[in-house]
Amino acid sequence: DVKVTQSSRYLVKRTGEKVFLECVQDMDHENMFWYRQDPGLGLRLIYFSYDVKMKEKGDIPEGYSVSREKKERFSLILESASTNQTSMYLCASTRGSHEQYFGPGTRLTVT
Amino acid sequence: AQKVTQAQTEISVVEKEDVTLDCVYETRDTTYYLFWYKQPPSGELVFLIRRNSFDEQNEISGRYSWNFQKSTSSFNFTITASQVVDSAVYFCALRWGYNKLIFGAGTRLAVHP
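About the criteria used
Residues numbered from 1 in each chain as written. Chains lettered and ligands numbered in written order. Predicted model: local features only at pLDDT ≥ 70, side-chain atom pairs only at ≥ 80, totals over all residues. Heavy atoms only, no water. Salt bridge = Lys/Arg side-chain N within 4 Å of Asp/Glu carboxyl O. Helix = DSSP H or I, 4+ residues; strand = E, 2+ residues; numbered from the N terminus. Buried < 20%, exposed > 50% of the residue type's maximum accessible area, 1.4 Å probe, protein only. Contact = heavy atoms within 4.5 Å. Buried area = accessible area lost by both parts, 1.4 Å probe. Nonpolar A, V, L, I, M, F, W, Y, C, P; charged D, E, K, R; others polar. Pairing = 2+ DSSP bridges. Axes fitted to C-alpha atoms, helices over the stretch in contact; angles between N-to-C directions.

S.K.: Where do I start with the pattern of salt bridges in this structure?
M.R.: Two side chains with opposite charge may pair up if their charged atoms get near one another. Within this structure, the stated rule accounts for 9 salt bridges over all chains. Between A:K18 and A:E79 there is a salt bridge whose closest N-O contact spans 3.5 Å. Placement of A:K18 in the loop between strand 2 (10-13) and strand 3 (19-25) and of A:E79 in the loop between strand 8 (73-78) and strand 9 (87-94) is noted, with a sequence separation of 61 residues between them. Given a relative accessible area of 44%, A:K18 falls into the partly exposed group. For B:D55, the salt bridge is made with B:R51, and the minimal N-O distance between the two is 3.1 Å.

This is the structure:
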(Lines give C-alpha, C1' and ligand atoms only; values in the text may rest on other atoms or scores of the structure.)
Protein backbone atom coordinates (compact mmCIF):
# COMPACT_ATOMS: atom_id res chain seq x y z
CA ASP A 1 0.00 0.00 0.00
CA VAL A 2 1.10 3.53 -0.74
CA LYS A 3 1.92 5.42 2.39
CA VAL A 4 2.02 9.19 2.58
CA THR A 5 2.85 10.57 6.00
CA GLN A 6 2.83 14.11 7.30
CA SER A 7 4.92 15.25 10.24
CA SER A 8 2.10 16.58 12.41
CA ARG A 9 -1.68 16.17 12.59
CA TYR A 10 -2.14 19.41 14.53
CA LEU A 11 0.11 22.45 14.76
CA VAL A 12 -0.31 25.80 16.50
CA LYS A 13 2.04 28.63 15.57
CA ARG A 14 2.25 32.34 16.21
CA THR A 15 2.04 35.07 13.59
CA GLY A 16 5.43 35.72 12.03
CA GLU A 17 6.91 32.33 12.85
CA LYS A 18 8.59 30.23 10.17
CA VAL A 19 6.68 26.97 9.77
CA PHE A 20 7.81 23.73 8.18
CA LEU A 21 5.35 21.04 7.11
CA GLU A 22 6.95 17.77 6.12
CA CYS A 23 5.61 15.06 3.84
CA VAL A 24 7.15 11.68 3.11
CA GLN A 25 6.00 8.99 0.68
CA ASP A 26 7.35 5.47 0.44
CA MET A 27 6.38 4.44 -3.09
CA ASP A 28 9.09 6.12 -5.15
CA HIS A 29 6.59 8.51 -6.73
CA GLU A 30 8.12 11.27 -8.81
CA ASN A 31 5.24 13.72 -8.35
CA MET A 32 4.35 15.33 -5.04
CA PHE A 33 1.81 18.03 -4.19
CA TRP A 34 0.77 20.40 -1.43
CA TYR A 35 -2.85 21.53 -1.10
CA ARG A 36 -4.75 23.55 1.41
CA GLN A 37 -8.35 22.75 2.23
CA ASP A 38 -10.80 25.38 3.39
CA PRO A 39 -14.56 25.04 3.98
CA GLY A 40 -16.56 25.77 0.87
CA LEU A 41 -13.45 25.99 -1.32
CA GLY A 42 -12.42 22.37 -1.62
CA LEU A 43 -8.73 21.68 -2.08
CA ARG A 44 -6.49 24.23 -3.77
CA LEU A 45 -3.04 23.47 -5.12
CA ILE A 46 -0.20 25.44 -3.54
CA TYR A 47 2.89 23.89 -5.14
CA PHE A 48 3.88 20.67 -6.79
CA SER A 49 7.11 18.93 -7.68
CA TYR A 50 7.69 16.48 -10.52
CA ASP A 51 11.25 15.58 -9.63
CA VAL A 52 13.94 16.21 -7.05
CA LYS A 53 14.78 19.93 -6.84
CA MET A 54 12.03 20.69 -9.37
CA LYS A 55 8.95 22.67 -8.38
CA GLU A 56 6.10 24.56 -9.94
CA LYS A 57 3.62 27.01 -8.53
CA GLY A 58 0.05 25.94 -8.18
CA ASP A 59 -3.00 28.16 -7.90
CA ILE A 60 -2.22 29.85 -4.57
CA PRO A 61 1.59 29.95 -4.02
CA GLU A 62 1.74 33.37 -2.35
CA GLY A 63 3.21 33.21 1.13
CA TYR A 64 4.57 29.68 0.65
CA SER A 65 7.72 28.03 -0.61
CA VAL A 66 8.71 24.38 -0.99
CA SER A 67 11.75 22.19 -0.90
CA ARG A 68 12.42 18.78 -2.42
CA GLU A 69 15.95 17.61 -1.75
CA LYS A 70 15.11 13.89 -1.81
CA LYS A 71 12.58 12.04 -3.92
CA GLU A 72 10.56 10.80 -0.97
CA ARG A 73 10.30 14.09 0.92
CA PHE A 74 8.48 17.31 0.04
CA SER A 75 8.42 20.20 2.48
CA LEU A 76 6.08 23.17 2.59
CA ILE A 77 7.46 26.32 4.20
CA LEU A 78 5.56 29.30 5.51
CA GLU A 79 8.26 31.96 5.72
CA SER A 80 6.25 34.21 8.04
CA ALA A 81 3.01 32.64 9.14
CA SER A 82 -0.12 34.76 9.05
CA THR A 83 -3.59 34.14 10.43
CA ASN A 84 -5.03 33.71 6.94
CA GLN A 85 -2.83 30.65 6.55
CA THR A 86 -4.82 28.84 9.23
CA SER A 87 -6.07 25.83 7.31
CA MET A 88 -5.84 22.10 6.69
CA TYR A 89 -2.78 21.19 4.63
CA LEU A 90 -2.76 18.01 2.59
CA CYS A 91 0.16 16.38 0.86
CA ALA A 92 -0.23 13.95 -2.05
CA SER A 93 1.95 11.90 -4.36
CA THR A 94 1.53 10.05 -7.62
CA ARG A 95 3.40 8.23 -10.34
CA GLY A 96 2.70 9.43 -13.88
CA SER A 97 -0.94 10.03 -14.63
CA HIS A 98 -2.34 7.81 -11.94
CA GLU A 99 -4.50 8.84 -9.03
CA GLN A 100 -2.98 10.91 -6.25
CA TYR A 101 -2.51 9.37 -2.83
CA PHE A 102 -3.04 11.68 0.10
CA GLY A 103 -1.58 11.97 3.57
CA PRO A 104 -3.73 12.42 6.70
CA GLY A 105 -3.40 16.21 6.68
CA THR A 106 -1.99 18.80 9.07
CA ARG A 107 -4.41 21.19 10.70
CA LEU A 108 -2.46 24.39 11.19
CA THR A 109 -3.67 27.20 13.42
CA VAL A 110 -1.85 30.53 13.34
CA THR A 111 -2.66 32.81 16.27
CA ALA B 1 -10.42 27.70 -17.67
CA GLN B 2 -10.92 24.54 -15.71
CA LYS B 3 -13.69 24.36 -13.16
CA VAL B 4 -15.49 21.75 -11.11
CA THR B 5 -18.86 22.48 -9.54
CA GLN B 6 -20.50 20.42 -6.82
CA ALA B 7 -23.71 22.31 -6.26
CA GLN B 8 -24.85 20.22 -3.28
CA THR B 9 -23.14 21.49 -0.17
CA GLU B 10 -24.75 19.04 2.24
CA ILE B 11 -27.04 16.06 1.84
CA SER B 12 -28.78 14.23 4.65
CA VAL B 13 -30.39 10.81 4.13
CA VAL B 14 -31.62 7.92 6.20
CA GLU B 15 -29.83 4.61 6.00
CA LYS B 16 -30.78 2.42 3.00
CA GLU B 17 -31.82 5.38 0.90
CA ASP B 18 -30.16 5.88 -2.48
CA VAL B 19 -28.30 9.15 -2.93
CA THR B 20 -26.72 10.86 -5.95
CA LEU B 21 -23.91 13.38 -5.69
CA ASP B 22 -23.67 15.74 -8.63
CA CYS B 23 -20.52 16.94 -10.35
CA VAL B 24 -20.32 19.30 -13.32
CA TYR B 25 -17.01 20.23 -14.90
CA GLU B 26 -15.65 22.70 -17.42
CA THR B 27 -12.55 22.22 -19.53
CA ARG B 28 -11.33 23.04 -23.01
CA ASP B 29 -9.04 20.02 -23.06
CA THR B 30 -10.12 17.11 -25.24
CA THR B 31 -8.25 14.64 -23.08
CA TYR B 32 -8.79 14.80 -19.36
CA TYR B 33 -9.43 12.65 -16.31
CA LEU B 34 -12.13 12.87 -13.69
CA PHE B 35 -11.90 11.55 -10.15
CA TRP B 36 -13.99 11.03 -7.05
CA TYR B 37 -12.45 11.03 -3.59
CA LYS B 38 -13.99 10.35 -0.20
CA GLN B 39 -12.87 12.18 2.94
CA PRO B 40 -14.12 10.44 6.09
CA PRO B 41 -14.01 12.19 9.48
CA SER B 42 -10.42 10.99 9.95
CA GLY B 43 -9.43 13.50 7.25
CA GLU B 44 -7.47 11.39 4.79
CA LEU B 45 -8.74 11.51 1.20
CA VAL B 46 -9.48 8.09 -0.24
CA PHE B 47 -9.45 7.54 -3.99
CA LEU B 48 -12.69 6.05 -5.35
CA ILE B 49 -12.56 6.18 -9.13
CA ARG B 50 -10.76 7.62 -12.15
CA ARG B 51 -12.39 8.05 -15.53
CA ASN B 52 -10.77 9.32 -18.72
CA SER B 53 -12.57 11.49 -21.24
CA PHE B 54 -12.70 8.77 -23.87
CA ASP B 55 -14.49 6.26 -21.70
CA GLU B 56 -18.14 7.12 -21.18
CA GLN B 57 -19.13 3.72 -19.88
CA ASN B 58 -20.86 3.80 -16.55
CA GLU B 59 -19.01 2.13 -13.72
CA ILE B 60 -20.41 0.05 -10.88
CA SER B 61 -18.49 -1.09 -7.86
CA GLY B 62 -20.62 -2.73 -5.22
CA ARG B 63 -23.04 -0.11 -3.91
CA TYR B 64 -21.23 2.67 -5.80
CA SER B 65 -21.93 3.68 -9.38
CA TRP B 66 -20.79 6.53 -11.58
CA ASN B 67 -22.53 8.12 -14.56
CA PHE B 68 -20.22 10.03 -16.92
CA GLN B 69 -21.92 12.11 -19.61
CA LYS B 70 -19.74 14.28 -21.83
CA SER B 71 -22.78 15.88 -23.46
CA THR B 72 -23.71 17.52 -20.17
CA SER B 73 -20.16 17.67 -18.72
CA SER B 74 -21.29 15.70 -15.71
CA PHE B 75 -19.79 12.90 -13.67
CA ASN B 76 -22.34 11.94 -11.04
CA PHE B 77 -21.88 9.47 -8.21
CA THR B 78 -24.66 7.32 -6.78
CA ILE B 79 -24.59 5.33 -3.56
CA THR B 80 -27.24 2.64 -3.43
CA ALA B 81 -28.66 1.56 -0.07
CA SER B 82 -26.56 4.06 1.86
CA GLN B 83 -24.95 3.12 5.17
CA VAL B 84 -23.76 5.15 8.13
CA VAL B 85 -20.15 4.41 7.10
CA ASP B 86 -20.78 6.34 3.88
CA SER B 87 -20.96 9.57 5.90
CA ALA B 88 -18.10 11.70 4.62
CA VAL B 89 -17.23 14.62 2.40
CA TYR B 90 -17.03 13.63 -1.24
CA PHE B 91 -14.93 15.50 -3.75
CA CYS B 92 -15.06 15.46 -7.52
CA ALA B 93 -11.84 16.49 -9.30
CA LEU B 94 -10.62 17.20 -12.82
CA ARG B 95 -7.05 16.50 -13.89
CA TRP B 96 -5.52 18.89 -16.36
CA GLY B 97 -2.05 19.92 -17.48
CA TYR B 98 0.73 17.80 -16.05
CA ASN B 99 -1.07 16.02 -13.27
CA LYS B 100 -2.75 19.06 -11.75
CA LEU B 101 -6.03 18.38 -10.02
CA ILE B 102 -8.76 20.95 -9.60
CA PHE B 103 -11.32 20.03 -6.98
CA GLY B 104 -14.94 20.90 -6.45
CA ALA B 105 -15.97 22.39 -3.13
CA GLY B 106 -17.14 19.00 -1.88
CA THR B 107 -20.48 17.56 -0.79
CA ARG B 108 -20.94 16.56 2.84
CA LEU B 109 -23.07 13.43 3.08
CA ALA B 110 -24.67 12.51 6.39
CA VAL B 111 -26.32 9.10 6.61
CA HIS B 112 -28.50 8.68 9.68
CA PRO B 113 -29.49 5.34 11.21
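S.K.: How do you make sense of the interface of chain A and chain B when you look at a structure like this?
M.R.: A common measure of how large an interface is: the accessible area buried when the components associate. If you look at the interface, chain A gives 23 residues, while chain B gives 19 residues. Carbon and sulfur atoms make up 52% of the area that chain A and chain B hide from each other, which totals about 1800 Å². Counting across the interface, chain A meets chain B through 0 salt bridges. Where the side of chain A that touches chain B is concerned, the elements lending two or more residues are strand 4 (31-38), strand 5 (42-51) and strand 9 of chain A. Considering every element that reaches the side of chain A that touches chain B, the biggest residue donor is strand 5 of chain A, with 5 residues. Looking at the side of chain A that touches chain B, its residues break down into 10 nonpolar, 10 polar and 3 charged.

S.K.: When you look at the sheet that holds strand 8 of chain A in this model, what are you seeing that I'm missing?
M.R.: The pairing of strands in a sheet happens through backbone hydrogen bonds and is either parallel or antiparallel. Residue and element names in this part refer to chain A. Strand order in the open sheet formed by 4 strands is 1-3-8-7, with antiparallel pairing between adjacent strands. Since the sheet does not close on itself, it has two edges, and those belong to strand 1 (4-6) and strand 7 (64-70), each with one partner. Each adjacent strand pair in this sheet contributes to an overall mean axis angle of 20°, direction not counted. Strand direction decides the pairing type here: strand 3 and strand 8, joined by 6 bridges, are antiparallel. Among the inter-strand pairings, C23 is bridged to a residue of strand 8, identified as F74.

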